[in-house]
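Architecture and fold: a report
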Amino acid sequence: MTNPEVASINAQYEYGWSNPERYAVKAPKGLSREVVEMISKAKDEPQWMLDFRLKALDIFLSKPLPTWGADLSGLNFDEIYYYIKPEGYNARSWDDVPEDVKQTFERLGIPEAERAALAGVGAQYESEMVYHNLKEEWEKLGVVFLSIEDGLKQYPDLFREHFATVIPPEDNKFAAINSAVWSGGSFVYVPKGVKVDIPLQTYFRINAESSGQFERTLIIVDEGAQAHYIEGCTAPTYASDSFHSGVIEIVVKEGARFRYSTIQNWSHNVYNLVTQRAAVYKNGVMEWVDGNLGSKVTMKYPACYLLEEGARGEVLSIAMAGRGQHQDAGAKIVHFAPNTSGSIVSKSISKDSGRSSYRGLVKIYEGARGSKTNVECDALLLDEEARTDTYPYIEIEEKDASVGHEATVSKINDEQILYLQSRGLSEDEAAGLIVRGFIEPIAKELPLEYAVELNRLIELEMEGSVG
Amino acid sequence: MTEQPHQLEIRNLHAAVGDQPILKGVNLVVPRGELHAIMGPNGNGKSTLAKVIVGDPEYTVTEGEVLVDGVSILEMEPDERARLGVFLAFQYPVEIPGVTIANFLRLAMQARKPEGEEVSFSEFYGKLTNALKTLEWDESIVERYLNEGFSGGEKKRNEILQMLMLEPNYIIMDETDSGLDVDALKVVAKGVNSLRGPNLGGLIITHYQRLLNYIVPDKVHIIVNGRVVQSGGPELAQKLDTEGYDWVKQLAAAGD
């Protein structure tokens with residue numbers, strides 16, 4: 001049976017196919033102490049992790065849903081499968097990944113990208129990493145790129161020292177649920193002074209209907225080290241909603257530099273509620289590049305906590321909201337130490353009844369002398385139905401500090417369309433080019449293949465949207 | 001079937017903005033190989049003529065025809081007109097942030113290719129090198145975003161760059177000389193003159209005679225109150241320069 005609503009979404013979304021469900025473990029629907037214990041047992045975890053999970057479950061249950069941000073009333077926590085373990089697990093060769101899962105990632109172009117341009121690749125299918133591999137040259141330099149479960153097993157001390165220190169379960173309701181039922185995600189360690197000059201990538205795929213994906217990623221970039229990590233995500237389109245709630249914790253030590261890029265292209269039935277935060281130490285630099293194109297609802301505010309002098313945090317954010325989508329995206333820059341600096345550039349595009357909101361916090365604590373952050377948010381509306389909002393929160397406790405904020409809202413202007421049409425481009429091509437130009441400051445920060453992919457996804461969303 | 005004439009023909013053209021009629025019956029024939037100057041006082045319909053030919057949706061055609069090589073274009077989208085070889089050098093070119101000139105030029109050239117045929121690198125780069133040389137412009141300019149932060153003179157020069165790259169059959173230059181100093185004017189004229197030949201026709205719309213010292217027109221037409229009131233050779237432009245527009249306004253009033 002084909003659901004007409006699903007069919008209409010799939011007409012626009014090219015990743016909406018699904019495989020038949022065949023799983024090693026599928027926890028019963030809904031969230032309970034038993035489900036949490038089942039996950040922990042399936043992973044053969046130490047007692048401290050089970051205790052951590054159960055405590056997080058209590059925190060989740062005690063916290064109300066946020067009353068701000070996007071409408072979450074359609075999210076039913078009892079209707080979700082919290083843990084689905086696919087057959088086959090954490091292979092180091094694609095040959096060892098089950099055929100239909102491997103086919104999925106082939107269709108998404110992952111093995112090809114790995115051969116061409118990546119230092120390492122991870123692939124998560126439902127709740128578990130089905131593939132994880134780091135090229136030998138980086139392994140030799142001591143770089144660690146593992147599934148989070150293997151990170152816990154193989155580097156128990158390093159893991160425990162940092163885990164949940166950047167984002168504790170008390171932080172927010174979704175950090176708490178992730179802490180209770182987390183599964184999958186990456187564990188990355190880049191040793192002192194090692195510069196990984198091509199990206200590491202992890203790709204997340206939800207396949208089953210009504211499922212939740214709760215990956216947990218912990219990245220430690222040691223003193224003077226450098227790396228770039230990219231994540232991508234897609235899911236099939238179903239009539240019932242899926243739920244993705246990741247927690248990404250990053251530690252950027254003295255003089256280190258790290259960039260985390262996301263191209264989120266979930267199908268339009270996924271609630272995407274993610275907590276991402278970096279703790280940045282002396283003279284370290286953290287950059288978030290955050291592209292939100294898919295999902296039904298996204299609430300996501302990549303954060304930089306600038307903990308020591310000279311630390312810098314940058315967030316580049318792109319959101320595109322089409323019919324039925326709400327992208328509530330933004331950033332947080334928190335200055336704890338003197339002479340720290342930040343920059344937020346947010347660009348959103350809204351069309352049809354889509355809504356994009358910029359929500360950002362800049363906080364400068366007393367004593368963070370000489371600190372400054374600049375915020376620039378630009379919204380582009382493609383038609384009369386589209387909506388955009390800006391919610392800037394600025395809290396400054398230090399006199400010797402500065403925050404700049406500039407916001408613009410524009411519409412595609414008829415004169416621009418005429419100009420481009422008068423050179424031979426069709427109206428659709430003209431509008432697409434203007435939108436591409438609008439996001440160019442962010443697209444140019446991505447590796448070429450990803451910039452091309454971002455532009456392609458936006459073009460796909462743009463088809464037939466003007467006129 | 002008879003061979004269609006290679007000309008731009010404007011037949012009894014009436015056009016309005018909202019309820020306000022601006023063109024009130026313009027007749028002109030410009031064969032390929034000729035450039036005609038359109039002169040006249042400001043606010044009498046010169047720029048409206050340019051906008052109507054290119055297909056600006058702000059203007060409504062209430063009567064008349066515009067034919068390009070015998071084909072009526074008034075029902076066509078602006079991009080279809082462009083692909084027939086019509087090119088407007090805008091009076092106020094708009095800024096398109098984030099789109100490099102190079103990328104834009106390549107897309108505009110591609111739009112003229114038949115399905116399945118790509119603009120080759122050598123074709124693009126060869127043309128670009130020549131055009132930049134003619135316009136005395138450094139190659140780095142094409143990495144800048146389209147008109148963003150350009151001076152008035154740079155915007156006009158960029159219009160001519162696009163003209164040279166796209167090789168139109170009919171050019172419409174809408175007050176390209178406004179705001180240009182003499183040096184910039186010479187460069188713009190050099191660009192246009194390099195395209196002149198038996199295949200190029202067009203209209204040079206200007207308020208002043210100045211530009212016409214460098215791009216010498218084959219004919220001059222004066223538009224007053226939405227109509228062509230006088231046509232002649234280049235000497236007509238000289239006369240306007242020395243005597244001003246008062247006499248043509250009287251001419252127009254007498255014709256009403």
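Residues numbered from 1 in each chain as written. Chains lettered and ligands numbered in written order. Predicted model: local features only at pLDDT ≥ 70, side-chain atom pairs only at ≥ 80, totals over all residues. Heavy atoms only, no water.

Residue-level contacts link 19 residues of chain A with 33 residues of chain B. The contact between chain A and chain B buries some 1,900 Å² in all, and 63% of this surface belongs to carbon and sulfur atoms. Taken as a group, A:Leu418, A:Tyr419 and A:Arg423 account for 38% of the area that chain A buries against chain B, more than any other trio of residues on that side. Applying the counting criterion to the chain A and chain B interface returns 1 salt bridge. Across the pair A:Arg423 and B:Glu159 runs a salt bridge whose closest N-O atoms are separated by 2.6 Å. The tally of links between chain A and chain B comes to 11 residue pairs in polar contact (both at pLDDT 80 or more). Among the secondary structure elements, those contributing two or more residues to the side of chain A that touches chain B are helix H10 (414-421) and helix H11 (427-443) of chain A. For the side of chain A that touches chain B, the element with the highest residue contribution is H11(A), accounting for 7 residues. In terms of residue class, the side of chain A that touches chain B is made up of 7 nonpolar, 6 polar and 6 charged. (Contact = heavy atoms within 4.5 Å. Buried area = accessible area lost by both parts, 1.4 Å probe. Salt bridge = Lys/Arg side-chain N within 4 Å of Asp/Glu carboxyl O. Polar contact = N/O pair within 3.5 Å; in protein donor to acceptor, adjacent residues only side chain to side chain. Helix = DSSP H or I, 4+ residues; strand = E, 2+ residues; numbered from the N terminus. Nonpolar A, V, L, I, M, F, W, Y, C, P; charged D, E, K, R; others polar.)

Our next topic: the sheet that holds strand S1 (residues 7-17) of chain B. Residues and elements named next belong to chain B. Spatial strand order, S2-S1-S4-S5: 4 strands in an open sheet with antiparallel pairing. The open sheet terminates on both sides in strands that have one partner only, identified here as strand S2 (20-31) and strand S5 (71-72). One ladder, built from 9 bridges, connects S1 with S2; its direction is antiparallel. Its bridge partner being in S2, Ala15 is matched across the sheet by Leu23. (Pairing = 2+ DSSP bridges.)

Looking now at the pattern of salt bridges. With the rule as written, the count across this model stands at 37 salt bridges over all chains. Three or more residues are tied together by salt bridges with common partners; here these are A:Arg257, A:Arg259, A:Glu287 and A:Glu445.

Residue and element names in this part refer to chain A. Assigned domains of chain A: these are domain 1 (4-300) and domain 2 (422-467). The C-alpha centroid of domain 2 is placed 28 Å from the C-alpha centroid of domain 1. Taken residue by residue, the interface counts 16 residues in domain 1 and 13 residues in domain 2. A buried area of about 1,200 Å², summed over both sides, lies between domain 1 and domain 2, and 60% of it is on carbon and sulfur atoms. Viewed at the interface, domain 2 and domain 1 are joined by 1 salt bridge. We note a salt bridge from Glu445 to Arg259, for which the minimum N-O separation is 3.0 Å. Seen at the junction of domain 1 and domain 2, the total is 1 residue pair in polar contact (both at pLDDT 80 or more). Those elements that provide at least two residues to the side of domain 1 that touches domain 2 are strand S10 (226-234) and strand S13 (257-264). (Domains from an automatic or database assignment.)

On to the packing of aromatic side chains, then. Residue and element names in this part refer to chain A. Following the criterion strictly, the structure yields 25 aromatic pairs over all chains and no others. Ring geometry for Phe77 against Phe243: centres 5.8 Å apart, planes inclined by 75 degrees, an arrangement best described as edge-to-face. One end of the pair, Phe77, is in the loop between helix H3 (47-62) and strand S2 (84-86); the other, Phe243, is in strand S11 (residues 242-244), with 166 residues separating them in the sequence. Pair check on accessibility: Phe77 and Phe243 agree, each one buried. Counting every residue linked through ring pairs, the aromatic cluster contains Trp48, Phe52, Tyr155, Phe159, Phe163, Trp182 and Phe187. The ring of Tyr81 carries Lys26 above its face, with NZ or CZ at 4.0 Å from the centroid. (Phe/Tyr/Trp six-rings, centres within 6.5 Å; stacked < 30°, edge-to-face > 60°. Buried < 20%, exposed > 50% of the residue type's maximum accessible area, 1.4 Å probe, protein only. Lys NZ or Arg CZ within 6 Å of the ring centre and 35° of its normal.)

A separate point is the environment of A:Tyr23. Residue and element names in this part refer to chain A. Note that Tyr23 resides in strand S1 (residues 23-26). Taking the C-alpha atoms as reference points, Tyr23 and Ile396, 373 residues apart in sequence, are found 51 Å from one another. Excluding residues within four positions of it along the chain, Tyr23 makes contact with Ile84, Lys85, Pro86, Glu87, Tyr125, Glu126, Asn207 and Ala208.

Let us now look at the sheet that holds strand S18 (residues 312-321) of chain A. All names here are of chain A. If you walk across this open sheet you meet the 10 strands as S4-S3-S7-S10-S13-S15-S18-S20-S22-S24, and the pairing is mixed. Only two strands of the sheet have a single partner each, and these edge strands are strand S4 (128-134) and strand S24 (401-411). For this sheet, the mean angle separating the axes of adjacent strands, direction not counted, is 10 degrees. Here S13 runs beside strand S15 (residues 285-292); their pairing, made up of 8 bridges, is parallel. (Axes fitted to C-alpha atoms, helices over the stretch in contact; angles between N-to-C directions.)

The next subject is the side chain of B:His14. Residues and elements named next belong to chain B. Relative to the helices and strands, His14 is located in strand S1. The class for His14 is buried, based on a relative accessible area of 19%. A distance of 3.1 Å separates a polar atom in the side chain of His14 from the backbone oxygen of Asn12. Look past the residues within four positions of His14 in its chain and what remains in contact with it is Leu23, Lys24, Gly25, Thr60, Val61, Thr62 and Glu63.

In summary, the side chains of a regular strand alternate between the two faces of the sheet. Residues and elements named next belong to chain A. Burial of strand S14 (residues 270-280) is extensive: 11 of the 11 residues sit out of reach of the surface. As paired strands, S11 and S14 are joined by 3 bridges and run parallel to one another. Counted as the bridge partner of Ser242 is Val270 from S14. Here strand S12 (residues 247-252) pairs with S14 via 6 bridges, running parallel. Across the sheet, residue Val247 finds its bridge partner in S14, namely Thr275. Relative to strand S16 (residues 297-300), S14 runs parallel, the two sharing 4 bridges. What sits directly across from Leu273, in S16, is Met299. Here S14 runs beside strand S17 (residues 303-306); their pairing, made up of 4 bridges, is parallel. The residue bridging Arg277 from the neighbouring strand is Ala303, located in S17.

With that settled, the discussion passes to H10(A). When you tally the buried positions in H10(A), you get 6 out of 8 residues, the bulk of the element. Listing the buried residues of H10(A) in full gives A:Gln416, A:Ile417, A:Leu418, A:Tyr419, A:Leu420 and A:Gln421. Buried residues along H10(A) sit in contact with H11 of chain A together with helix H2 (78-83), helix H3 (101-110) and helix H5 (152-166) of chain B. At the N-terminal end of H10(A), a side-chain oxygen is found 2.8 Å from the backbone nitrogen of A:Glu415, two or three residues along, and the residue is A:Asn413.

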